[in-house]
Amino acid sequence: PSILVFCTAATLMLQPSVSYLRNYIDLSSRNLSSVPGDLPKEAELIDLSRNLIQLLQRGDFRNTPILRFLNISWNCLESIHPEVFLGTPLLQDLDLSHNCLKNLTDQPYLQRAGNLLFLNLAYNKFVTMTLAREFSSLAKLERLTLGGNVIRVGDFGNIADVELRLLSLHLEGKLLYEPGSLKDAYARRLQVELNKEFPLHLINDALSFFPEVELLKLPEGCRELSRQLSQRAEIYTSRLFLTNVSINWSDFTRCVTVALNTTVSHLSVSDVTLHRLPQTDTPMANTSRVKSVTVREVTVKSFLFSQEAVYNFFINMPVESLALTDTAIIHMTCPKSQSPVTHLSFSHCSLSDTIFSRVEGLITIECKTLGNLRTLTLARNNFKSLQSLSKRMRYMKSLQDLDLSFNRLVYDGQGECYWPQNISILHLSSNSLTSSAFQCLPTGVERLDLQNNQLSVVSSSTLKLKRLLSLNLNANRLLDLPVCDNFPLLQELLLRSNSLHAPSVDRLESCPRLKTLDVSYNAFMCICPLRGFIRLGLESEKNRTGVTFLQWPQGYYCSYPEAFKDSNLNNIWISEISCNTGLLAAAILCPAVVTISVVLMLCRHFDIPWYVGMIWQWTRAKHRARHQLRPQDLVGIKFHAFVSYSQKDRDWVWDYLLPNLEGPAGGLRICHHEKNFVPGRTIINNILTCVETSRRCVFVLSAHFIKSNWCHYELYFASHQHLARSSDSVVLVLLEPVPQYLIPSKYYQLKAMMARHTYLEWPQDKAKQRLFWANLRAALQADLPDLTVS
């Protein structure tokens, strides 16, 4: 009973609420003499077992309004106040076993526990099992455990209307049972823990009134039970369970053989200890009324016996369903004749690849007498070779459902596999299979479970599984979605917990009938290649596609980059522009081109290049004036500049040039022929004198200048003076555009100067003229000796 209690507690704590762990109060084995008064209000499970509590008082649980589970077993409990559970309306599980309660007819506290589902009152000091009227208030009760040694007619009258799932009776001491006493109790299963004697009348009533009967600790093996079963023509019980049985082989086989001839539908024997096992085969009936037999947790106490004789007894049972589980058998023989078994289970044993086969000489004889088998479960054994097992099954023509999970199966791609063609369900989870396993599968399979293996890819060499509807590849090593070319009817694809970083959604185009997809709990990298997958998940969430994403969105989150880590994919946005190179280039270049175009248009409109050029020339002129002027260059210099111009440009020179260079506006000394040529001297001498005494020569270029011979003489002498001084002494002012082709070839020197020198253009726009004059003055400015001009 205590094991049952703790299992119940564990089940509750494993429910999907973390509060169960926090709200479990363990006060067992604390030498408590009373219930502590400081129990927390949030307590849901309280364990007060193995203490010294004698009395439950009214207010013991007033502060625990959400209490669901209470274990007070193994105390000294003698009395319970009628209103002790007044403040616990949610109480569902109450364990009062192994105490000192004396009277089952007086249990008033049960009236305050109407929501009880499980009640354990075994191993108290009850003499009779006469239930008090308060039991009738437990309308929701599902499991009731009682103990005593006197059972009379009418004892269970107060629970006649309660539909129990389990009524458990623990017979304590010598039993006094009145036939027919169990008739008032209704339960799906009656569990009877026997003492040292076999209660014939009680077992007879049990087999007459209850659909399921479980007998624990059968005394004297099964001899009395076998005798009683053999004497009954009809048995109401359809499912008979024998638990915790220590028995000789002969008694065990007789009990099974007798049971096979009864109307019982299912016989289950568990936790069996077998003694005196046989050396030869044990006879087995050819027919049976029992549909299924289950034998589990068998322990053998004999050392010398025939294993083949033991295996033959089980495999030759004439039943539809046979299970021998949780038992360390290493082999199983083949039935001697065509077996009627359709469902066979040998799970959690120690079977090897030689199952069902035998060796004669050097030839392995395969089993051919399991032709009616439809379901075969061989999970949790020691199978290693998938190819060898295919040979073991090749003659099982009716086999449809095969479970080989939790073994150590491998397939290296060598050798042919021989599966029967009717297999439609194949479980191969939790093995060591690699991608080559797809070459060793039954081609008619419809549901294939390969989860928890070592598959890294579904290659193109995969067999064409034309009927495959469901493929489970959870917990493998896949890097991308598989292509469904070999699975044309695939409807369900499960890829949870693989290594898919950025699934290629275009592969799903090869799965036209896919309806369910699970790619949850993979290490997604939230980068550009994942955009298509995120989009597909969002569309699936809105029912815009025919594919349902399982676990979306809570099972889909980023593992990289760090900025998105642990974020759900439905909250991630990766812009298309950051992933499309062409679009990104267009997004960058188009604004740049537009900006440049606008800037160029503005520059053209506002003549910004002209201003920049003029400022650049002004800057250079200032730099030269500051760093390149040497004192020896100014020896004999009287003028800042000699101006050379055509007489036809005289008005511009007198009206604009000279006023802006001389006087207060410019402060420069300007030399020109109308003012500074000495009468009586030749023109040539005057030109030479002016050029030599001027720091720079300013030439006002125009169409008239080109036609003037004297202007060219001045230009000629100025250029030679430029070479003599090794300085930039020539300044060209372009009064109007003068194309190169208009300059006669004989004036090559002018062409050369215009090509070599940067000239200043006279702007017609008055707004630009101030910068023009500033630039020209900067080019001519210099600190000349303070000489009187003659």
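Keep in mind the model is a prediction, meaning the values are calculated, not measured.

Note on aromatic pairs: each is described by the distance of the centres and the angle between the planes. Going through the model one piece at a time under the given rule, you end up with 24 aromatic pairs. Ring geometry for Trp249 versus Phe252: centroids 6.0 Å apart, planes at 40°, classification tilted. In this pair, Trp249 and Phe252 both sit in helix H5 (residues 249-260), three residues apart, roughly one turn of the helix. Owing to a relative accessible area of 3%, Trp249 belongs among the buried residues under this scheme. Judged by its relative accessible area of 4%, Phe252 is buried. Measuring from ring centre to ring centre gives 6.1 Å for Phe699 and Phe705, while their planes differ by 80°; the resulting arrangement is edge-to-face. Phe705 matches Phe699 in its accessibility class, with the two residues each being buried. An aromatic cluster is present here, built from Phe524, Phe533, Phe549, Trp552 and Tyr556 joined pairwise through their rings. Directly above the ring of Trp74 sits Arg50, whose terminal nitrogen or CZ lies 4.7 Å from the centroid. For Lys368, the ring lying beneath its charged end belongs to Tyr395, and the centroid distance is 4.9 Å.

Looking now at helix H6 (residues 307-315). Summarising burial for H6: seven of the nine residues are buried, a large majority. Buried positions along H6 lie against H5, strand E14 (292-300), strand E15 (321-325) and strand E16 (343-345).

What follows deals with the sheet that holds strand E31 (residues 694-701). If you trace the five strands from one edge of the open sheet to the other, you get E30-E29-E31-E32-E33, paired in parallel fashion. Every other strand in the sheet has two partners, leaving strand E30 (670-671) and strand E33 (760-761) as the edge strands with one partner each. The pairing of E31 with strand E32 (residues 730-734) spans five bridges and is classified as parallel. The residue of E32 that forms the bridge with Phe699 is Leu732. Relative to the sheet, helix H18 (residues 766-780) contacts strand E29 (639-644), E31, E32 and E33, its axis offset from that of E31 by approximately 145°.

Attention now goes to the nonpolar core. Within the largest apolar cluster, 169 residues are counted, with the highest numbers of intra-cluster contacts made by Phe61, Phe135, Leu242, Phe356 and Leu448. At seven residues, the largest contribution of residues to this core is made by H5. Discounting chain neighbours no more than four positions away, the residues touching Leu448 are Leu426, Leu428, Phe438, Leu441, Leu465, Leu468, Ser470, Leu471 and Asn472. Ranked by size, the runner-up nonpolar core spans 23 residues in total, among them Cys697, Phe705, Ile706 and Leu732.

This part covers the state of the cysteines. Taken as a whole and assessed by the stated rule, the structure comprises four disulfides. Across the disulfide, Cys417 is cross-linked to Cys440 (sulfur-sulfur distance 1.7 Å). Residues Cys417 and Cys440 share a disulfide whose torsion about the S-S bond is about -110°; that sign makes it left-handed. Of the two residues, Cys417 is situated in the loop between strand E20 (401-403) and strand E21 (425-427) and Cys440 in the loop between E21 and strand E22 (447-449); the sequence distance between them amounts to 23 residues. Using a relative accessible area of 16% as the deciding quantity, one classes Cys417 as buried. Each disulfide pairs two cysteine sulfurs, and for Cys484 the partner residue is Cys511, the sulfurs being separated by 1.8 Å. For the disulfide bridge between Cys484 and Cys511, the dihedral angle about the S-S bond is near 70°, and by the sign convention the bridge is right-handed. Residue Cys484 is located in the loop between strand E23 (470-472) and strand E24 (492-494), and its partner Cys511 is located in the loop between E24 and strand E25 (516-518); the two are separated by 27 residues in the primary sequence. Cys484 sits in the buried class, given a relative accessible area of 1%. Owing to a relative accessible area of 6%, Cys511 belongs among the buried residues under this scheme. Not engaged in a disulfide, the cysteine Cys76 finds its nearest cysteine sulfur in Cys100; these two sulfurs lie 5.6 Å apart. On the basis of relative accessibility, which here comes to 17%, the residue Cys100 falls in the buried class.

The rules we used
Residues numbered from 1 in each chain as written. Predicted model: local features only at pLDDT ≥ 70, side-chain atom pairs only at ≥ 80, totals over all residues. Heavy atoms only, no water. Phe/Tyr/Trp six-rings, centres within 6.5 Å; stacked < 30°, edge-to-face > 60°. Helix = DSSP H or I, 4+ residues; strand = E, 2+ residues; numbered from the N terminus. Buried < 20%, exposed > 50% of the residue type's maximum accessible area, 1.4 Å probe, protein only. Lys NZ or Arg CZ within 6 Å of the ring centre and 35° of its normal. Contact = heavy atoms within 4.5 Å. Pairing = 2+ DSSP bridges. Axes fitted to C-alpha atoms, helices over the stretch in contact; angles between N-to-C directions. Core = buried A, V, L, I, M, F, W, Y, C linked by side-chain atoms within 4.5 Å. Disulfide = S-S within 2.5 Å.

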